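Architecture at a glance
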Amino acid sequence: MTKTTTATACLLAALLATTVHASAQTEIQWWHAMNGANNDVVDQLAKEFNEKQSDYKVVPVFKGTYPETLNAGIAAFRARQAPAIIQVFDAGTGVMMGAEGAIKPAAEVLEESGFSFDKSKYLPGIVSYYSKPDGTMLSFPYNSSSPILYYNKDAFQKAGLDAENPPKAWPEVFDAAKKIKASGASPCGFTSTWLTWIQTENFAAWNNVPYGSNENGLASLDVKLEFDAPIFVDHFQAIADLAKDGTFRYGGRTAEAKQLFLSGECAMLTESSGGLGDVVKSGMNYGTGQLPYDPKGNGAPQNTIPGGASLWVFAGKSDAEYKGVATFFDFLSQTDIQSRLHQVSGYLPVTLAAYEATKASGFYEKNPGREIPIQQMLGKAPTENSKGVRLVNLPQVRDIMNEEFEAMLNGSQDAKTALAKAVERGNAAIAQAVGR
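Residues numbered from 1 in each chain as written. Predicted model: local features only at pLDDT ≥ 70, side-chain atom pairs only at ≥ 80, totals over all residues. Heavy atoms only, no water.

Details of the nonpolar core
Y211, M268 and F329 are the most contacted members of the largest nonpolar core, which has 109 residues in total. Looking at this core element by element, the count peaks at eight residues for helix α11 (residues 230-243). When residues no more than four places from it in sequence are discounted, the contact partners of F329 are I85, A106, L110, F140, L311 and V313. Among the nonpolar cores identified, the runner-up in size contains 10 residues, and L123, Y129, Y364 and I374 belong to it. (Core = buried A, V, L, I, M, F, W, Y, C linked by side-chain atoms within 4.5 Å. Buried < 20%, exposed > 50% of the residue type's maximum accessible area, 1.4 Å probe, protein only. Helix = DSSP H or I, 4+ residues; strand = E, 2+ residues; numbered from the N terminus. Contact = heavy atoms within 4.5 Å.)

Right, dumping it as structure tokens:
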């Protein structure tokens with residue numbers, strides 16, 4: 001055999017080995033809704049996992065907003081082109097739980113692949129939200145969050161407010177917003193993302209008042225909405241009154257209002273703790289505080305309920321794909337990964353070990369306020385009003401609520417009318433969804 005022939009044979013062997021290795025690698029599609037700084041975190045996690053081993057390759061695919069990602073996943077499953085993993089926001093939990101044939105419980109995926117799964121290692125308020133009544137965890141908690149108050153310290157100082165002491169109750173927030181606008185420190189005093197999740201669902205839990213019957217849907221699918229009670233009416237009427245002269249500005253139905261804060265247009269923002277990455281990235285002189293409570297609440301503040309999203313696994317995948325998903329979930333559960341994810345993103349650590357490790361590192365002492373989201377969820381044992389909200393069609397009910405809120409904020413109706421109509425329409429939608 002000539003040297004040329006030998007070299008050619010070696011080259012072919014190497015190419016063949018490369019081809020076999022490439023074909024043996026199992027690709028795991030991960031559809032998600034993370035943008036901005038949080039998209040960078042997703043890409044980095046996938047990159048680290050892929051570099052740690054060669055059997056599986058996680059491929060993150062951005063699919064738009066939370067509702068858009070959920071809709072894309074439903075359409076893909078129907079077309080038999082679903083990804084292995086899909087990130088679904090908290091409002092979609094009831095939708096996914098109702099589609100049992102479409103999903104494979106995360107706990108099963110882990111255990112069948114030889115990974116031990118102990119739910120006691122996870123933050124209880126988070127894992128219970130994503131579990132069946134019998135305790136089976138259906139999805140893997142990824143980016144759980146709690147709503148908090150962000151504020152512009154420079155605007156506070158210009159308005160003569162204490163930049164180190166943010167308002168704790170809603171009347172204080174509304175008064176501060178008026179002072180900020182009147183002083184010219186910012187054109188707008190206050191804005192909020194997610195009027196549904198923050199100002200309605202978490203408002204109910206934080207103030208220990210019912211959002212709906214049957215433990216807000218956790219005890220039964222048959223729910224009657226109750227967020228037209230006087231405490232909600234008074235709260236939303238105060239917001240509507242502030243909107244008349246621009247003291248409150250509406251940004252949109254999901255997280256759009258964050259840009260009003262980042263641009264300096266609005267001096268205060270209630271938003272997910274997971275929005276922290278973009279706030280830090282902006283370079284703003286900011287502060288954070290707990291979610292404001294209503295003094296008329298029942299022993300408020302009580303506890304907040306998780307937002308953000310979890311990772312669901314679609315049914316109908318190969319054993320190799322499920323093994324890859326389990327390996328990836330095990331990677332995400334590691335204490336160092338969870339600690340870093342919490343510290344760079346503002347989302348809550350999923351495991352108790354990651355929380356304790358972050359605390360032991362002195363992170364909270366160096367970063368005052370960063371423990372607030374966890375303290376809000378763990379401060380008190382949940383009541384029937386504060387375990388969460390779970391409707392079979394919560395995204396649809398939120399759309400109905402947003403339509404009525406928008407009509408209220410443009411002056412077409414008052415808060416009492418808006419909430420009464422939202423409850424009536426929402427109850428009709430729920431009745432139709434459960435076949436009542």
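Let's pick the thread back up.
Brief notes about the pairing of strand β3 (residues 85-89)
Counting buried positions along β3 gives five out of five residues, so the element sits mostly inside the fold. Residues of β3 alternate between two faces, with I85, Q87 and F89 on one and I86 and V88 on the opposite face, all of them buried. Strand direction decides the pairing type here: strand β1 (residues 26-32) and β3, joined by two bridges, are parallel. Bridge pairing in β3 places W30 opposite I85. Across five bridges, β3 lies against strand β10 (residues 307-314) in antiparallel orientation. (Pairing = 2+ DSSP bridges.)

With respect to helix α2 (residues 36-52)
Here α2 spans 25 Å end to end across 17 residues, near enough to the 24 Å set by a 1.5 Å rise per residue. Three or more residues of α2 are buried, namely A37, N38, N39, V41, V42, L45, A46, E48 and F49. Tucked into the core, α2 has its buried residues touching β1, β2 (56-62), β5 (140-145), α13 (276-282), α14 (319-333) and α15 (335-345). (Expected span 1.5 Å × (residues − 1).)

Some points on unusual backbone geometry
In this structure, P301 follows A300 across a cis peptide bond, with omega equal to 0°. With respect to the helices and strands, P301 occurs in the loop between β9 (286-289) and β10. Residue N208 is not a glycine yet carries a positive backbone phi of 55°. Turning to its location among the elements, N208 is positioned in the loop between α9 (197-206) and α10 (213-216). Overall, the relative accessible area of 10% leaves N208 in the buried class.

What about α15?
Listing the buried residues of α15 in full gives I337, Q338, S339, L341, H342 and S345. With its phi angle positive at about 90°, G346 sits one or two positions after the end of α15.

Details of the side chain of T69
Looking at where T69 falls in the secondary structure, it is placed in helix α3 (residues 66-78). Sequence-distant contacts of T69, that is, excluding residues within four places in its chain, are made with W31, H32, A33, K63, G64, I86 and Q87.

Quick word on the packing of aromatic side chains
The final tally for this structure, using the stated rule, is 22 aromatic pairs. Aromatic side chains F236 and F405 sit 4.5 Å apart centroid to centroid with 10° between the ring planes, which places their arrangement in the stacked category. Here F405 lies in helix α19 (residues 394-409) and F236 lies in helix α11, a separation of 169 residues in the sequence. Both residues of the pair, F236 and F405, belong to the buried class. By the ring-pair criterion, three or more aromatic residues cluster together here, those being W30, F49, Y142, F328 and F331. Of note, K63 hangs over the ring of W31, and the distance from its end group to the ring centre comes to 4.2 Å. When the ring centre of Y322 is taken as origin, the NZ or CZ atom of K104, which lies over that ring, is 5.3 Å away. (Phe/Tyr/Trp six-rings, centres within 6.5 Å; stacked < 30°, edge-to-face > 60°. Lys NZ or Arg CZ within 6 Å of the ring centre and 35° of its normal.)

Some words on the confidence of the model for the chain
Residues with a pLDDT of 70 or more make up 95% of the chain, whose mean pLDDT is 92. Under a pLDDT of 50 for its full length, residues 15-22 has, in the predicted model, one contact with residues more than four places off or in other chains. (pLDDT = per-residue confidence, 0-100.)

Describing the sheet that holds strand β6 (residues 147-152)
Strand order in the open sheet formed by four strands is β7-β8-β6-β9, with mixed pairing between adjacent strands. Both outer strands of the open sheet, β7 (188-192) and β9, are each paired with one neighbouring strand and no more. On average, adjacent strands in this sheet sit at an angle of 20° to one another, irrespective of strand direction. Where helix α8 (residues 170-183) meets the sheet, it contacts β7 and β8 (266-272), and its direction lies at approximately 135° from that of β7. (Axes fitted to C-alpha atoms, helices over the stretch in contact; angles between N-to-C directions.)

Topic: the side chain of N303
With respect to the element layout, N303 can be found in the loop between β9 and β10. With a relative accessible area of 2%, N303 lands in the buried category. Among the polar contacts made by the side chain of N303, one reaches the side chain of S386 at a distance of 2.5 Å. Beyond its immediate stretch of four places on either side in the chain, N303 contacts A205, W206, Q376, M377, K380, A381, P382, T383 and S386. (Polar contact = N/O pair within 3.5 Å; in protein donor to acceptor, adjacent residues only side chain to side chain.)

Some points on the pattern of salt bridges
Per the stated rule, a full pass over the model turns up 18 salt bridges. Between R398 and D90 there is a salt bridge whose closest N-O contact spans 3.0 Å. You can see R398 sitting in helix α19 and its partner D90 sitting in the loop between β3 and α4 (93-97), a full 308 residues away along the chain. Each member of the pair, R398 together with D90, is buried. Note that R425 is salt-bridged to E403, the shortest N-O span being 2.7 Å. Here the residue R425 occupies a position in helix α20 (residues 415-434), and E403 occupies one in helix α19, the gap between them amounting to 22 residues. Connected via shared salt-bridge partners are E403, E404, K421 and R425. (Salt bridge = Lys/Arg side-chain N within 4 Å of Asp/Glu carboxyl O.)

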